[in-house]
Every structure is written in structure tokens, then in C-alpha cells.
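Structural overview for review
Letter by letter, the chains look like this.
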Amino acid sequence: MKIKNILVSQPQPADLEKSPYGELSKTHKLSIDFFQFIKIEGVGAQDFRRAKGTFNDHTAVILTSKHAVDHFFRMAKELRFEVPDSLKYFCISESTAYYLQKYVQYRKRKIFYGKQTFVNLMELIIKNNEEKFLVPTSDLNNQNMFKLLDAESIDYSRAIIYRTVPSDLSKIKIKDYEMLIFFSPAGIESLKSNFPDYEQGEQIIAGFGPTTKKAIAEAKLVLNIPAPTKTAPSMTMAIDEFIEKNNKVRRRSSK
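The structure presented is a predicted model; accordingly, all values stated were derived computationally and were not measured.

Moving on, we come to the overall build of the protein. Helix and strand counts for the protein come out as 9 helices and 11 strands. Of all 255 residues assigned to the protein, the portion counted as buried reaches 44%. Considering only contacts in the protein between residues 6 or more positions apart, those separated by 24 or more positions represent 67%. In the structure as shown, the protein presents an accessible area of about 14,800 Å², 49% of it carried by carbon and sulfur atoms. Each charge class in the protein was averaged separately, 39 positive and 30 negative side chains, and the resulting centres sit 3 Å apart.

With that out of the way, let us pick up the pattern of salt bridges. Throughout the structure, instances matching the rule amount to 6 salt bridges. A salt bridge links Asp47 to Arg50, with the nearest nitrogen and oxygen atoms 2.5 Å apart. Taken together, the residues span about one helical turn, with Asp47 and Arg50 both in helix H2 (residues 45–50) at a distance of 3 residues. The closest approach of N and O atoms between Arg74 and Glu78, which form a salt bridge, is 2.9 Å. Taken together, the residues span about one helical turn, with Arg74 and Glu78 both in helix H3 (residues 66–78) at a distance of 4 residues. For Arg74, a relative accessible area of 22% puts it in the partly exposed group.

We now examine the environment of Lys102. Counting through the fold element by element, Lys102 comes out in the loop between helix H4 (94–99) and strand S6 (110–113). In sequence terms Lys102 and Asp70 are 32 residues apart; their C-alpha atoms lie 9.0 Å from each other.

Here we come to the confidence of the model for the protein. For the protein, the mean per-residue pLDDT works out to 93, and 97% of the residues sit at or above 70. Across the protein, strand S9 (residues 179–182) holds the top mean pLDDT of 98, while helix H9 (residues 235–254) sits lowest at 84.

It is worth spelling out helix H1 (residues 20–28) at this point. By the burial criterion, the buried members of H1 are Tyr21, Gly22, Leu24 and His28. Viewed end-on, H1 has its buried residues packed into an arc of 160°, placing them on one side of the element. Exposed positions of H1 whose direction lies more than 90 degrees from the buried face are Lys26 and Thr27. Lys29 lies just past H1 and shows a positive phi near 55°.

Packing of helix H5 (residues 118–127) against helix H6 (residues 143–151) brings their axes to within 11 Å, and their N-to-C directions diverge by 30°. When the axis of H5 is compared with that of H6, the two are roughly parallel. Between H5 and H6 lies a crossing of right-handed hand. Contact residues: H5 offers Phe118, Val119, Met122 and Ile125, while H6 offers Met145, Leu148 and Leu149. A breakdown of the residues in the contact of H5 with H6 according to their chemical character gives 7 nonpolar, no polar and no charged.

Where burial is concerned, the two faces of strand S5 (residues 88–91) agree: the one with Lys88 and Phe90 and the one with Tyr89 and Cys91 are both buried. Where strand S4 (residues 60–63) meets S5, 4 bridges bridge the pair, whose relative direction is parallel. Counted as the bridge partner of Ala60 is Lys88 from S5. Relative to S6, S5 runs parallel, the two being bridged by 4 bridges.

Looking at the secondary structure, you find Pro13 in the loop between strand S1 (5–8) and H1. Residue Pro13 is classed as partly exposed on the basis of its relative accessible area of 23%. Along the chain, Pro13 and Arg74 lie 61 residues apart, while their C-alpha atoms are 26 Å from each other. The residues touching Pro13, leaving out its near neighbours within four places in the chain, are Ser19, Tyr21 and Phe34.

For the rest of this paragraph, the subject is the layout of surface pockets. In this approach the atoms are scanned with a rolling probe the size of a water molecule, which exposes any empty space left behind. In this structure, the second largest pocket encloses a volume near 170 Å³. In terms of lining residues, the second largest pocket is bounded by 13 residues, among which Phe48, Ala51, Gly53, Arg158 and Ile160 are the most central. Elements supplying a minimum of two residues to the lining of the second largest pocket: H2 and strand S8 (156–166). Per element, the largest residue contribution to the lining of the second largest pocket is 5 residues, and it comes from S8.

The next point concerns the nonpolar core. Nonpolar side chains in soluble globular proteins generally cluster together in the buried interior. In this structure, Phe48, Phe55, Leu63, Phe72, Tyr89, Leu100 and Ile161 are the most contacted members of the largest nonpolar core, which totals 26 residues. Among the elements of the structure, H2, S4, H3, S5 and S8 are those that each provide at least two residues to this core. A per-element tally of this core places H3 first, with 6 residues. With residues up to four places along the chain from it excluded, the contact list for Tyr89 reads Val61, Leu63, Phe72, Phe73, Val83, Leu100, Val104, Arg109, Lys110, Ile111 and Phe112. Of all hydrophobic cores here, the second largest spans 19 residues; its members include Phe34, Ile181, Ala232 and Ile239.

Rules behind the numbers
Residues numbered from 1 in each chain as written. Predicted model: local features only at pLDDT ≥ 70, side-chain atom pairs only at ≥ 80, totals over all residues. Heavy atoms only, no water. Helix = DSSP H or I, 4+ residues; strand = E, 2+ residues; numbered from the N terminus. Buried < 20%, exposed > 50% of the residue type's maximum accessible area, 1.4 Å probe, protein only. Contact = heavy atoms within 4.5 Å. Areas by Shrake-Rupley, 256 points an atom, 1.4 Å probe, with all protein chains shown as cover. Lys, Arg positive; Asp, Glu negative; His and termini not counted. Charge placed at Lys NZ, Arg CZ, Asp CG, Glu CD. Salt bridge = Lys/Arg side-chain N within 4 Å of Asp/Glu carboxyl O. pLDDT = per-residue confidence, 0-100. Arc of directions from axis to C-beta. Axes fitted to C-alpha atoms, helices over the stretch in contact; angles between N-to-C directions. Parallel < 35°, antiparallel > 145°, perpendicular 65-115°, else oblique. Left-handed = near helix turned anticlockwise from the far one by under 90°. Nonpolar A, V, L, I, M, F, W, Y, C, P; charged D, E, K, R; others polar. Pairing = 2+ DSSP bridges. 1 Å grid on protein atoms, 1.4 Å probe; cavity = no way out; pocket = protein on both sides within 12 Å on 5 of 7 lines; lining within 4 Å. Points joined across faces, edges and corners; volume = space filled by probe spheres on them. Core = buried A, V, L, I, M, F, W, Y, C linked by side-chain atoms within 4.5 Å.

And the structure:
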């Protein structure tokens, strides 16, 4: 099969031409479309209270994304909870930490941050294990995070304050693409929700990460392009490898 059209289940990069997808498109003469398969919706304060959620009596908050930051302060406002100046912030990355400037005076707060992984952030959490942590999350948050916290007997409360839900994909003609690219189990869920009669057929599916791989298998689909791998640490590199091999096979068969 000649690959011409690819659908990526994420928003388009700000500067597509300078992104890895731009390079991929030029190299292989591809048409690459982007469409966010999932969207984030905030949980209302009433529903949060009904689930016995509270922001009270916590001395620190763990923030694993910008979504978590936005919805933590949104919920605080809806709950009329005055965020104390003494609250400590433990952020998954430096960029998430700096994003706090949208809501607080950065230099006047106690802010800690890791290096993109929760395992790394755990080192800082363990050093501050006397704190009572609040963990704002979505309904689909990675359970490994809570296993790590439990393993170290960290005192924490999980606060589900936003949800990941399928986007409306009715404008997409899914069979117009030779390849679909997914980055999360929620993307696969959105595919099945929007296209309940979807059959993969010869369509190529690429998936990033072990949880996405598992979701693809559970949906009884075939993962043609797994990433990351030893030779392809990024999704675009994995796709490039696949297309190169595919083109070689096509050239041989045409001789």
C-alpha cells in the first residue's frame, strides 16, 4: 500500500513546517492532517463535593500537567477555597512549574519540579514526606503514579477535577487515510465511540507508549507501528522507518 494521507490524533504543531511532522511530510510527500480526538472537561464543584472531594487540610499539591494547574485553580475558585500562601507545589517539569505564574507570584511560593517523569518527581516528594499532598487528576490518570505514592506511604488525596472525553469526529472521513496515529488509550476510545462500526482492514495504525499499545490490542486492532523503540525513540522516527521499509517492499514487488 502506498501511504499518502496520515491522520494524527493530536492538535497541529504551532510551526508545522519546522516540526518533525513537517520534515516527514517533505521527505515522503505526505499529506498529514491533525485533529484532537479528545477534549478536557472540568468537573463541577457540586459533583466534586458530591464525591466527597475537598481541598481542605492539604499542605502541598502535586501537578502533573498544565491541565492540572488550570483546573486546580478553577476548582479552588468554584469552591471558594482560598489557596494559602504556604501551599507547596510539586510539578512534573520545569515548564509546568513556570506555568504557575499564571495564577501565583512564582518567587513567593515554595515550588519544586522534576525532570518530566513522575519517578524523578518522587525523589522530591519523598524528601518532603511529612506533607499532606493533594493530587488533582483527570478520570484517566496513570495509575502507576498512585502505586509509587502508596509504595512510599505518602499521605495524599486524589482529586478528580477534570475528565477526558471523546471529541466530535463527525467531520472526519476516517477511511480517507492510509495511517492513523494515536498517543493515548483515550484516543482509541474516541475512535471506537465516534466510529462504532470501524474496521481496520488495510489501514495502518501507529501507537505511542505501552498503555496505547494495550488499548489498541483490547480494541482488537493491529498495531503496525509501535513507538518508542530502540531505533526510533519518537513517533515520527518510527513512521519514517516504516515508510522506508514499505517503499523498499513496493519497489521489489514492482520489478
